[in-house]
Structures are given as C-alpha cells and as structure tokens.
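Topology and contacts: notes
Below are the chains, spelled out letter by letter.
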Amino acid sequence: MSVEDGGMPGLGRPRQARWTLMLLLSTAMYGAHAPLLALCHVNGRVPFRPSSAVLLTELTKLLLCALSLLVGWQAWPQGAPPWRQAAPFALSALLYGANNNLVIYLQRYMDPSTYQVLSNLKIGSTALFYCLCLRHRLSARQGLALLLLMAAGACYAAGGLQDPGSTLPGPPPAAAAGRMSLHITPLGLLLLIFYCLISGLSSVYTELLMKRQRLPLALQNLFLYTFGVLLNLGLHAGGGPGPGLLEGFSGWAALVVLSQALNGLLMSAVMKHGSSITRLFVVSCSLVVNAVLSAALLRLQLTAAFFLATLLIGLAVRLYYGSH
C-alpha cells in the first residue's frame, strides 16, 4: 500500500499496527462527536457558544503541540526555527475557518437533511484537487470506490437513523420537534458547491504543505494552530453578545473539546504520512461508529439505510485498498 493510497510503505509490523490503531482511534473520535454533542444539550439546546468550543479546541491542539516539542516527544529542528515557513499555514487556517463558518450559514438556505446528503460532494472535490495538486492519478477502481463512498454518505444521511417515536427517519428526538420540510434555495446550492470546493482544497493544500516542508510535524502543527487560534479568537470576539468563553461548559463539553483536539492531531499525522483520501475513508467509516453510539446513548433506531451505507463503505474500502 503506497503513501498515496493512504498506507505507509516499508513499515514493520509494529509500526504498521500503530498506524492502523491511529486510524481506528480517529474513526472512533469522529464518530463520537455528534453523540457527545447531543449529551451536552440542556433543554434541547447546546448551552455554550459554538465559537467557544472551536476556539478552545484550537487552543488545546496548540498547547499539545508546544508540549510535545518542549518535552522532546518530537525533535526540535537544528539551528534557529525556520519561522518564514510558517506563513503558508495562514492560508490553511483561513480555508479551514471559512469552511467551518460556511457550515453555519448553509443552514439558513436549506434543511439539515439536504445539507447532510449534498455535502458528500466534498468527497469528489477532494479527489479532484488531490489529482490536480498532487499529480496522482486514480485508477477506475479507485474512482468507483470514491463514488461508492459518496453514495454511502448520502444513503446514511437520508435515513440511517430513526427516532423510535416517529415513523419517519430523522434527527434525534430533541431536534424532531423543529423538523422542517426538505428545501434548498439557489443561493444555498451555490454556497454548498463553494463549501465542497473549499473543503477539498483545504485538505489537499495542507497535505501538500506538510509533505513538502522538511519540518517536524509538531512544529508544522504549531504554525497551523497558532493561526487557527488567532483567527477563531477574532471570530469569537466579533460574534456579538452571548455566553462567556467557558459559560455552559460541562464535563461532556470538555470531552468534546479534548476528543476533537486529539483527533485533529491524529488527522495531521494522516495528512503528513498518509493522504487526504485516507482522511475521507476515516470520516466515512466514522458514520458506523456514530450510528452505533447514537443507538446506544440516544436510543435511536438503526434503519435499513444504515446497513446499506455500511455495506457500501465496506465495498469502497475493499475496492480502494484491496489488491488490484
């Protein structure tokens, strides 16, 4: 399995086992995000500002990177730190920030279900930028695998979980009361396409940057998350009146921040040593974890769409990573 395919060539069994474990942990953390957020709800609503959670997550990642360099978990580069190489990470932080904020604005122009289904187009945009920017050609078999991955995400979003109190597939009970009809406006469709393009570009650009620079991953992350903290601090401060930075936080909320911070660090390792395509498979496989945890913690029911999505994901993984 090549680096472009998401593997790490030439690894012995112990290192390959650690790589596999890292991917499994990241999949579990991605899948646990939505159920953990649901456990934070108070009277059906998240009691803290979303911008606070994003800012604290970026700050946690920055502190963990600084700690890993200070205690010697990763070697500091010889000589003076090449700070001029930090500048390109400003664009990465800007792209990620724009992407995160577009998610919020998109909800004004379409219903959540439509967004969940159509947002799977970012798999195609990531593959497109991956081929254009990294000059890696996907085989017909790999292209089919990514199409199956898109279909799996759309299938799961269309009805993978069901509220036991309703005959219709949909979101958790807390959100069911406010369910809206399916709709999307022309502006919403344009913004969604823009969102998918930014999502693919941000992922591939960051991968390209991390692989081209001969710097420790922790130092690259230090650059990236410094810009991320500054950007999100500005967004939080300019967000108008609302709860304070830590207001409304509980133990579950702290777990959300910590898990997302750790997952961000794991994903940076995937971008450095694996590929953006591997990241797509991790995110898609996390749907299975999300569904199982939602069924166990939120008492939602798994539907036939979930099992179909799981089958499609399994086929996609087999096609992309299996022997050709």
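Nothing here was measured: the structure is a model prediction, and the numbers come from that model.

The next point concerns the packing of helix H2 (residues 50-70) against helix H9 (residues 217-237). Put simply, H2 and H9 touch, their axes get as near as 8 Å, and they point 155° apart. What the angle tells us is that H2 and H9 run roughly antiparallel. For the element pair H2 and H9, the recorded crossing hand is left-handed. Between H2 and H9, the contacting residues are Ser-51, Ser-52, Val-54, Leu-55, Glu-58, Leu-59, Lys-61, Leu-62, Cys-65, Ala-66, Ser-68 and Leu-69 on the first element and Ala-218, Leu-219, Asn-221, Leu-222, Tyr-225, Thr-226, Gly-228, Val-229, Asn-232, Leu-233 and His-236 on the second. A class-by-class count of the residues in the contact of H2 with H9 yields 13 nonpolar, 8 polar and 2 charged.

This part is about helix H11 (residues 276-297). With 22 residues, H11 ought to run about 32 Å at 1.5 Å a step, and its terminal C-alpha atoms sit 31 Å apart, in line with that. For H11, every residue scored as buried is listed here: Ser-276, Ile-277, Thr-278, Leu-280, Phe-281, Val-282, Ser-284, Ser-286, Asn-290, Ala-291 and Ser-294. Just downstream of H11 lies Arg-299, where phi reads positive at about 60°.

It is worth spelling out a nonpolar patch on the surface at this point. Nonpolar side chains collect at one region of the surface, where Ile-184, Leu-189, Ile-193 and Leu-197 lie side by side and expose about 310 Å² of accessible area between them. Here Ile-193 shows up in helix H8 (residues 186-212). Residue class for Ile-193 comes out partly exposed when judged on its relative accessible area of 41%.

Turning our eyes to something else, we now look at the environment of Phe-48. Summarising the element assignment, Phe-48 is placed in the loop between helix H1 (13-40) and H2. Looking at Phe-48, the relative accessible area reads 6%, which means it is buried. In sequence terms Phe-48 and Gly-242 are 194 residues apart; their C-alpha atoms lie 8.9 Å from each other. Those residues within four positions of Phe-48 in sequence are excluded, and the remaining contacts are Leu-37, Cys-40, Ala-53, Glu-247, Gly-248, Phe-249 and Ala-253.

This part covers the packing of aromatic side chains. For the coordinates displayed, the defined rule picks out 6 aromatic pairs. A network of ring pairs unites the aromatic residues Phe-281, Tyr-320 and Tyr-321 as a single cluster.

Time to look at the confidence of the model for the protein. Across the protein, the average pLDDT comes to 83, with 86% of residues at or above 70. Note that residues 1-9 has pLDDT below 50 and, in this model, 32 contacts with residues that lie over four places away or in other chains. The low-confidence segment residues 167-180 (pLDDT under 50) makes 24 contacts with residues lying over four places distant or belonging to another chain.

The subject of this paragraph is the side chain of Ser-294. Within the secondary structure, Ser-294 is located in helix H11. Here Ser-294 falls in the buried class, since its relative accessible area comes to 5%. Sequence-distant contacts of Ser-294, that is, excluding residues within four places in its chain, are made with Pro-35, Leu-161, Arg-299 and Leu-300.

Here the focus is the pattern of salt bridges. Should the charged atoms of two oppositely charged side chains come close, the side chains can pair. Summed over all chains, the structure comprises 2 salt bridges. Between Lys-61 and Glu-58 there is a salt bridge, and its shortest N-O distance comes to 2.8 Å. Taken together, the positions of Lys-61 and Glu-58, both in helix H2 and 3 residues apart, correspond to about one turn of that helix. One salt bridge in this structure joins Glu-207 and Lys-211, with 2.7 Å as the shortest N-O distance. Taken as a pair, Glu-207 and Lys-211 lie in helix H8 at a separation of 4 residues, close to a single helical turn. For Glu-207, a relative accessible area of 1% gives the class buried.

Assignment of secondary structure puts Val-288 in helix H11. Accessibility expressed as a relative area gives 24% for Val-288, which makes it partly exposed. Remark: the alpha-carbon pair of Val-288 and Phe-307, spanning 19 residues in sequence, is separated by 9.0 Å. Setting aside residues up to four positions removed in sequence, Val-288 forms contacts with Phe-306, Thr-310 and Ile-313.

Further remarks concern the packing of helix H5 (residues 121-134) against helix H6 (residues 140-159). Following both chains from N to C, one finds H5 and H6 inclined at 155°, their axes separated by 8 Å at the closest point. Between H5 and H6, the angle falls in the class roughly antiparallel. On H6, the residues that touch Leu-121, Ile-123, Gly-124 and Ala-127 of H5 are Leu-146, Leu-149 and Met-150. Broken down by class, the residue content of the contact of H5 with H6 amounts to 6 nonpolar, 1 polar and no charged.

For H1, with 28 residues, the first-to-last C-alpha span of 40 Å sits near the 40 Å given by 1.5 Å per residue. In H1, a bend of some 40° at His-33 exceeds every other bend along the element, and Pro-35, a proline, comes one to four places later. Buried within H1 are the following residues: Trp-19, Met-22, Leu-23, Ser-26, Thr-27, Met-29, Gly-31, Ala-32, Pro-35, Leu-36 and Cys-40. Looking at the packing, one finds that the buried side of H1 touches helix H10 (251-273) and H11.

We now examine unusual backbone geometry. In terms of backbone geometry, most residues other than glycine have negative phi values and most peptide bonds are trans. Backbone geometry places Arg-135, a non-glycine residue, at a positive phi of 55°. Within the secondary structure, Arg-135 sits in the loop between H5 and H6. In the Ramachandran plot, Arg-299 falls in the positive-phi region, its phi being about 60° despite a non-glycine side chain. Here Arg-299 shows up in the loop between H11 and strand S2 (301-302). For Arg-299, a relative accessible area of 66% corresponds to the exposed category.

Parameters at a glance
Residues numbered from 1 in each chain as written. Predicted model: local features only at pLDDT ≥ 70, side-chain atom pairs only at ≥ 80, totals over all residues. Heavy atoms only, no water. Axes fitted to C-alpha atoms, helices over the stretch in contact; angles between N-to-C directions. Helix = DSSP H or I, 4+ residues; strand = E, 2+ residues; numbered from the N terminus. Parallel < 35°, antiparallel > 145°, perpendicular 65-115°, else oblique. Left-handed = near helix turned anticlockwise from the far one by under 90°. Contact = heavy atoms within 4.5 Å. Nonpolar A, V, L, I, M, F, W, Y, C, P; charged D, E, K, R; others polar. Expected span 1.5 Å × (residues − 1). Buried < 20%, exposed > 50% of the residue type's maximum accessible area, 1.4 Å probe, protein only. Patch = residues over 30% accessible without salt bridge, like charges linked within 9 Å, V, L, I, M, F, W, Y side chains within 5 Å. Areas by Shrake-Rupley, 256 points an atom, 1.4 Å probe, with all protein chains shown as cover. Salt bridge = Lys/Arg side-chain N within 4 Å of Asp/Glu carboxyl O. Phe/Tyr/Trp six-rings, centres within 6.5 Å; stacked < 30°, edge-to-face > 60°. pLDDT = per-residue confidence, 0-100. Bend = angle between axes of the 7 residues up to and from the residue.

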